[in-house]
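# Residue-level structure breakdown
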Amino acid sequence: MFKTKSLRKKLTFAALCGSLLFILGFAVFSPIRNYFLLTTIDDIEKNNLFRITSRAEEQALKEEKRRLTNLNESVSELLSTELEQITEDVALLRDTFENFLEQPEKYKERILPNALYKDVISNVPYVHYSQRLLKEGLTPQIEKEVRIASNIADFSPFYSDYYNCIFFGSERGYSIGLYVMDHQDDLVPVSTEPSRTTYDPVTRIWYQNGKKFKEPSFTDIYLAQSGDMVVSCISPYYVNGEFSGVMGVDCNPNKIYELVKSIAVEESELYFILSPKGEILFVNFDSDALSVSLGKDIRNSEEKSLAEVAKYMTAQKSGFESVTIKGKDYFIAYSPVKKVNWSFASLIPVEKVYAPAKDIRQHLTKVQDQFYEKIENFIVIVAASTLGFVLLLLFVIFKRIIPLSDSVVKPILELTRSVNEFASGDLDKRVDFKSKDEIQNIGDNFNSLAQRLQDTIRDLSVVSAEKMRLDAEINVVNEILVNYLPDDFSIADKHNFDLFAVEYPAKTSGGDYFDFFMLDDDHMAISVGDVSGRGVPSALFMMISKSVIKSFSKMNPNQDLGSLFTMVNDRLHKHNTEKMYVAVFFGVIELSSGRMKYVNAGHFAPYIFRDQSQTGNFLMDESIDPIMALTSDATFRTRETVINPGDIVFMYTDGITTELSNSGEKFDEDMLTDAVFEAAKAGMSSKEIVEASRKAAVEFAGHPEFNDDIALLCLKRKK
């Protein structure tokens with residue numbers, strides 16, 4: 001009676017505490033739930049905002065790329081067309097000049113002011129004699145040639161509006177030209193000192209370049225006599241097939257800039273022209289980002305991204321890239337200007353491209369904040385309503401818990417007593433409830449559990465005895481397998497070889513093995529193999545495989561190893577109803593020379609330590625032959641190597657390289673060969689090398705027993 005009352009109080013108290021905890025939990029976790037709800041909504045909205053703005057940025061970038069690319073192509077095409085027109089003008093002037101000199105009888109002589117003796121001003125055609133010409137002699141023939149050639153002045157007015165200078169330099173030393181100066185009264189350069197007395201056209205860089213050209217071509221930008229930076233379109237001219245001089249026109253880069261400016265979209269956009277040498281010829285306005293860089297190759301700029309783009313530009317490629325100049329990000333579009341091998345490029349700040357997307361983000365953020373405010377108000381209303389409903393529900397539950405506890409407590413007490421008696425050893429103890437509810441189900445479950453437990457205890461005694469018998473049999477099998485392996489390592493000693501091998505069986509018997517035996521007085525066979533699976537079947541198949549290989553080898557000592565293994569494979573496959581297989585490395589060593597012929601049937605390649613070079617490597621080939629016993633049509637190849645004095649052959653099965661440490665790491669081939677390599681360098685014997693490799697694996701794994709068999713064999717040729 002006392003216990004029943006106590007349990008009832010506990011149930012009532014538990015119901016009261018549960019109600020209070022529920023209310024407290026609601027009060028605590030409801031804000032937390034609301035917080036996570038708002039956070040989730042915020043994450044969703046931020047994700048949506050990110051996707052929208054990302055799409056806006058992608059679209060803005062796509063549109064800007066299209067616009068800049070089209071602009072560049074238009075400018076490049078316009079420049080190419082303009083430069084093509086210049087070459088046509090030069091070709092026309094050249095042809096006209098050649099015609100004057102080749103057919104002088106058709107033209108009247110004309111006298112132009114000589115800049116050597118007279119002051120010639122802007123827009124006035126002139127002739128100039130170099131000191132070389134005067135020194136060599138101004139013959140009547142040359143004077144007549146000059147007067148005939150001066151007829152070209154009639155064509156000068158047609159071109160003076162387009163070109164700063166039109167010039168013709170003769171190989172004889174005279175020149176004819178027309179300059180357009182900044183002011184009408186300015187003297188042309190050859191009318192001023194020192195050019196008046198030192199000027200000779202053949203010494204000018206444009207003349208030297210022009211002699212190399214075949215057709216009208218453009219020079220690099222250079223400093224003209226006028227002091228302006230110009231680019232010239234020049235061409236050699238010939239009289240009756242003989243080179244006679246160079247002529248051309250000067251183009252002011254500022255006029256080219258004005259041409260570009262005429263189709264540029266915005267004054268604020270930065271654009272520039274790059275020469276084939278990587279020099280910035282001009283920019284549309286001075287800025288912190290770029291400036292004219294004559295003599296400076298921006299392909300070598302410290303601004304790595306700009307230097308990389310400059311390489312593409314000088315290679316006459318088109319493209320759209322992003323660059324960083326002085327810490328500011330830009331997009332750059334570039335395209336080639338044909339004829340002069342220039343490249344035109346437009347720059348626009350990244351922030352300007354993404355400005356519309358930024359405005360969209362700000363607007364959506366404002367809308368998002370308004371949405372959050374409405375959600376928060378809604379959550380407060382829902383939370384207050386839920387709390388009221390919960391309080392009412394708890395009141396009803398509490399009123400019902402007291403009578404319900406009486407119907408639960410008594411059967412529980414009876415069940416408790418029965419369980420205690422069962423635990424004390426009364427395995428026949430059962431309960432009998434007739435409540436036809438969950439309490440009766442509990443009683444029935446107890447009875448069923450007690451009966452099963454009673455039956456299990458009886459069965460366990462039988463299973464335990466059977467397990468002990470099987471463990472004893474497995475131990476016997478492991479002992480038989482170890483004793484079946486050869487242990488007379490002295491057979492190699494008299495032939496100046498040191499041999500040692502060992503097999504470490506796992507908890508369950510497996511199929512790893514090693515073998516060695518003499519074929520005759522000068523040939524010894526060594527072998528390591530691994531059979532699939534575990535247990536007694538694997539052990540039996542290992543013994544069969546080892547025996548068949550040894551028997552066939554002894555019966556056919558002179559047969560090619562590849563053919564021999566084909567015969568062994570056919571024999572093993574013939575009765576292999578369980579579809580087992582074996583991987584084998586088998587070698588035959590000519591003890592007098594150290595030459596080893598071998599077959600690798602799907603096994604790990606041995607590790608070879610070369611004493612002379614103090615290096616080690618796996619005995620790898622282009623491919624490994626198939627494993628044995630699975631198919632009847634497998635073929636095997638004989639390979640060969642030499643074991644020199646001091647060399648070591650180390651063979652192993654996969655049990656040592658698949659073991660995991662306590663932290664889950666694998667003792668792999670590199671760790672194994674490192675241990676073998678260090679032991680070999682230290683001059684250890686074959687036995688010591690095997691023990692060193694096993695010790696390294698055990699120390700790495702952290703436990704002495706491995707999950708798989710391990711077979712190790714080491715053969716060392718003594719010095």
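Further up the page is the structure itself.
Here is a short report on the structure shown in this document. Please read all numbers here as calculations on a predicted model, not as lab measurements.

### As for the side chain of Arg694
Locating Arg694 in the fold gives a position in helix H15 (residues 686-701). In this structure Arg694 is buried but unpaired, with Glu659 as the nearest side chain of opposite charge at 8.0 Å.

### Overview of the sheet that holds strand E9 (residues 280-283)
Think of a sheet as strands paired side by side through backbone hydrogen bonds, with each pair either parallel or antiparallel. With antiparallel pairing, five strands are arranged side by side in an open sheet as E9-E8-E12-E11-E10. Two strands in the sheet have a free side with no partner beyond their single neighbour: E9 and strand E10 (319-325). Looking at each pair of strands side by side, their axes are set apart by 30° on average, direction ignored. Two strands pair when backbone bridges link them, and strand E11 (residues 328-337) and strand E12 (residues 342-349) are joined in this way by eight bridges, in the antiparallel orientation.

### Description of helix H3 (residues 140-149)
Taken together, the buried positions of H3 are Ile142, Glu145, Val146, Ile148 and Ala149. For H3, the angular spread of buried residues about the axis comes to 165°, placing them on one side.

### Brief notes about the pairing of strand E6 (residues 229-239)
Burial runs high along E6: nine of the 11 residues are buried. Here strand E4 (residues 217-218) runs beside E6; their pairing, made up of two bridges, is antiparallel. Each residue of the ladder has a partner; that of Ser217, found in E6, is Ile234. Bridge analysis of strand E5 (residues 222-223) against E6 gives two bridges, and the strand direction is antiparallel. Within the sheet, the bridge partner assigned to Tyr222 lies in E6 and is Val230.

### Examining the packing of aromatic side chains
A full pass over the atoms with the stated rule returns 24 aromatic pairs. Between the aromatic rings of Tyr271 and Phe344, the centroid separation amounts to 5.7 Å while the plane-to-plane angle is 45°, which identifies the pairing as tilted. Within this pair, whereas Tyr271 is found in strand E8 (residues 270-274), its partner Phe344 is found in strand E12, the two being separated by 73 residues in sequence. Accessibility expressed as a relative area gives 4% for Tyr271, which makes it buried. The exposure class of Phe344 is buried, given its relative accessible area of 1%. A centroid spacing of 5.7 Å and a plane angle of 50° characterise the contact between Phe667 and Phe700, whose relative ring orientation is tilted. Remark: Phe700 occurs in helix H15 and Phe667 occurs in the loop between strand E21 (648-652) and helix H14 (669-681); sequence separation between them is 33 residues.

### Observations concerning unusual backbone geometry
At the junction of Glu193 and Pro194, the peptide bond is cis and its omega measures out at 5° in the coordinates. Assignment of secondary structure puts Pro194 in the loop between strand E3 (174-179) and helix H5 (195-198). Of note in the backbone geometry, Gln316 takes a positive phi value of approximately 60° without being a glycine. When you line up the elements, Gln316 lands in the loop between helix H8 (304-314) and E10. The backbone phi angle of Lys579 is positive, close to 60°, even though this residue is not glycine. Residue Lys579 is classed as exposed on the basis of its relative accessible area of 57%.

Rules used throughout
- Sequence order as written defines residue numbering, which begins from 1 separately in each chain.
- The predicted origin of the model limits local features to residues at a pLDDT of at least 70 and limits the giving and counting of side-chain atom pairs to 80 or more, whereas totals for whole chains, interfaces and linings rest on all residues.
- In computing side-chain values, all of the structure's heavy atoms are included and hydrogens and water are not.
- Working definition: helices are DSSP H or I runs of at least four residues, strands are E runs of at least two. Numbering for both runs from the N terminus.
- Per-residue accessibility, obtained with a 1.4 Å probe over protein chains only, is compared with the maximum for each type, and a residue is labelled buried under 20%, exposed over 50%, and partly exposed between these values.
- When charges are counted, Lys and Arg are positive and Asp and Glu negative, with His and the chain ends excluded.
- Here, a salt bridge means any side-chain nitrogen of Lys or Arg that lies within 4 Å of a carboxyl oxygen of Asp or Glu.
- Strands pair, by our definition, only if DSSP identifies at least two bridges between them.
- Every axis corresponds to a line fitted to the C-alpha atoms, with the helix fit spanning only the stretch in contact, and the corresponding angles, defined between N-to-C directions, vary from 0 to 180 degrees.
- This arc is built from the directions going out from the helix axis to the C-beta atoms.
- Pairing of aromatic side chains here covers Phe, Tyr and the six-membered ring of Trp, requires ring centres within 6.5 Å, and sorts the geometry by plane angle: under 30 degrees stacked, over 60 edge-to-face, intermediate tilted.

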